[in-house]
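Given next are the chains, with one letter for each unit.
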Amino acid sequence: MNKWDTEEAIRRWDMHAENFTAKYTEEGDRSREVLLNPALQACMGTLGGKKVLDAGCGEGYLSRKMVKAGALVEAVDYSTEMLKLARERTPSALGITYHHGNLEKLEMFGDQSFDLIVSNMVIQDLAQYEQAIAEMRRLLVPGGRFIFSILHPCFQTPQSGWVKDETGKKLYWKVNQYFNEGPLEQAIPYDQEEKFLYFHRTLGSYVQTIIEAGLLLEGMIEPKPSAEMLEKYPHFHEDLNVSNFLIFTTRRLG
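**Q** Looking at this structure, I do not really get helix H6 (residues 203-212). What am I missing?
**A** One turn of the α-helix equals 3.6 residues, which is why residues spaced by three or four share an orientation. Along H6, the residues that are buried comprise Ser205, Tyr206, Thr209 and Ile210. Viewed end-on, H6 has its buried residues packed into an arc of 135°, placing them on one side of the element. Where H6 is buried, its residues touch helix H5 (129-139), strand S5 (140-151), strand S9 (197-200), strand S10 (215-221) and strand S11 (245-252). Of the residues trailing H6, Gly214 is marked for its positive phi of about 85°.

This is the structure:
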């Protein structure tokens, strides 16, 4: 078996890129539409005229959304297959430049290049996440903000999941092996033997890494479905029982 590191995570994203995003809309997938996008938009605030980096852009849906909200966007991803899709799906008139690069080291960008960096469900997919978060600080102007979302480290743990009764009814969400940090396979894609990789860390590890990188932690948001989204997609009532995602909002002070 290959070593479970960032390179292996990249290989699997390249392998699954097209199938994973085949049903994406302009809002991405359903979890992004219902949970992540509204929370991220609230965190980002007004984007008009801001220089923004979509750090780990995937097929580019969030880059396109931010440009339409008035941002000046550059985007980067470590998966060449995702970047291929992003370029195919992005009208040239939007003016988005897509770069190939690993967030652990983004040599193509100079110091203090961006007012805002947004990284949506990416930091968890990096073996050297401390290095990546420090790199995001380098790229921010003083006062610039770094916002990133991840799988919630308190609930998405090794051997976590629903406990069901004999009929298959979900009873409660089990959390186990919280302190066992390291690489794990996700449950998706469900129909493939090789799943996506991510790297579990504790909440404390993330917070300490943010502090050591020289960023000010301004907030943590646990997205939940709005009443409007629950009316549109009633099955998301399940997401009121446990938080699947966590968003950090940080700022560079100097």
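**Q** I tried to follow the pattern of salt bridges on my own but got confused; where do I start?
**A** Two side chains with opposite charge may pair up if their charged atoms get near one another. Taken as a whole, this structure holds 15 salt bridges when the rule is applied. A salt bridge links Glu135 to Arg138; its shortest N-O distance comes to 2.9 Å. Of this pair, Glu135 and Arg138 both sit in helix H5, three residues apart, roughly one helical turn. It is possible to trace a salt-bridge network through shared partners that takes in Glu8, Arg11, Arg12, Glu185 and Glu194.

**Q** Is there a simple way to explain the side chain of Thr209 in this structure?
**A** Tracing the backbone shows Thr209 in helix H6. Take Thr209: its relative accessible area is 8%, and that puts it in the buried class. Engagement of the side chain of Thr209 in a polar contact is seen with the side chain of Tyr129, the distance being 3.2 Å. Apart from the residues lying within four places of it in its own chain, the contact partners of Thr209 are Tyr129, Glu130 and Ile133.

**Q** Explain the environment of Phe199 to me, please; I cannot follow it from the model alone.
**A** Note that Phe199 resides in strand S9. On the accessibility criterion, Phe199 (5% relative accessible area) is buried. Spatially, the C-alpha atoms of Phe199 and Glu185 are 8.6 Å apart, while their sequence positions differ by 14 residues. Residues contacting Phe199, with those up to four places away along its chain left out, are Trp4, Asp5, Thr6, Gln124, Asp125, Leu126, Ala127, Gly182, Pro183 and Tyr206.

**Q** Explain the packing of helix H2 (residues 30-44) against helix H3 (residues 61-68) here, please?
**A** In helix packing, the relevant descriptors are the interaxial angle and the interaxial distance, both defined with respect to the helix axes. In the contact formed by H2 and H3, the axes pass within 13 Å of each other and the chain directions differ by 45°. Classified by the angle between their axes, H2 and H3 sit oblique to one another. In this structure, the crossing between H2 and H3 has a hand that is right-handed. Contact with H2, carried on its side by Arg32, Asn37, Leu40, Gln41 and Met44, involves Tyr61, Leu62, Lys65 and Met66 of H3 and no other residues of that element. Tallied by class, residues from the contact of H2 with H3 come to five nonpolar, two polar and two charged.

**Q** Explain the packing of aromatic side chains to me, please; I cannot follow it from the model alone.
**A** By convention here, two paired aromatic rings are described through the distance between centres and the angle between planes. If you walk through the whole model with that rule in mind, you get 14 aromatic pairs. Residues Phe20 and Phe196 carry aromatic rings whose centres are separated by 5.1 Å and whose planes lie at 85° to one another, so their mutual orientation is edge-to-face. Separated by 176 residues along the polypeptide, Phe20 in helix H1 (residues 6-20) and Phe196 in the loop between strand S8 (182-185) and S9 bring together distant segments of the chain. For Phe196, a relative accessible area of 1% corresponds to the buried category.

**Q** Could you clarify how one ought to interpret the environment of Pro153 in this entry?
**A** Following the sequence through the fold, Pro153 ends up in the loop between S5 and strand S6 (161-164). Exposure remark for Pro153: the relative accessible area of 3% places this residue in the buried category. Distance in space between the C-alpha atoms of Pro153 and His200 is 6.7 Å, their sequence separation being 47 residues. Every residue in contact with Pro153, bar those within four places of it in the chain, is listed here: Tyr178, His200, Arg201, Thr202, Leu203, Tyr206 and Leu246.

Rules used throughout
- Residues numbered from 1 in each chain as written.
- Predicted model: local features only at pLDDT ≥ 70, side-chain atom pairs only at ≥ 80, totals over all residues.
- Heavy atoms only, no water.
- Buried < 20%, exposed > 50% of the residue type's maximum accessible area, 1.4 Å probe, protein only.
- Helix = DSSP H or I, 4+ residues; strand = E, 2+ residues; numbered from the N terminus.
- Arc of directions from axis to C-beta.
- Contact = heavy atoms within 4.5 Å.
- Salt bridge = Lys/Arg side-chain N within 4 Å of Asp/Glu carboxyl O.
- Polar contact = N/O pair within 3.5 Å; in protein donor to acceptor, adjacent residues only side chain to side chain.
- Axes fitted to C-alpha atoms, helices over the stretch in contact; angles between N-to-C directions.
- Parallel < 35°, antiparallel > 145°, perpendicular 65-115°, else oblique.
- Left-handed = near helix turned anticlockwise from the far one by under 90°.
- Nonpolar A, V, L, I, M, F, W, Y, C, P; charged D, E, K, R; others polar.
- Phe/Tyr/Trp six-rings, centres within 6.5 Å; stacked < 30°, edge-to-face > 60°.

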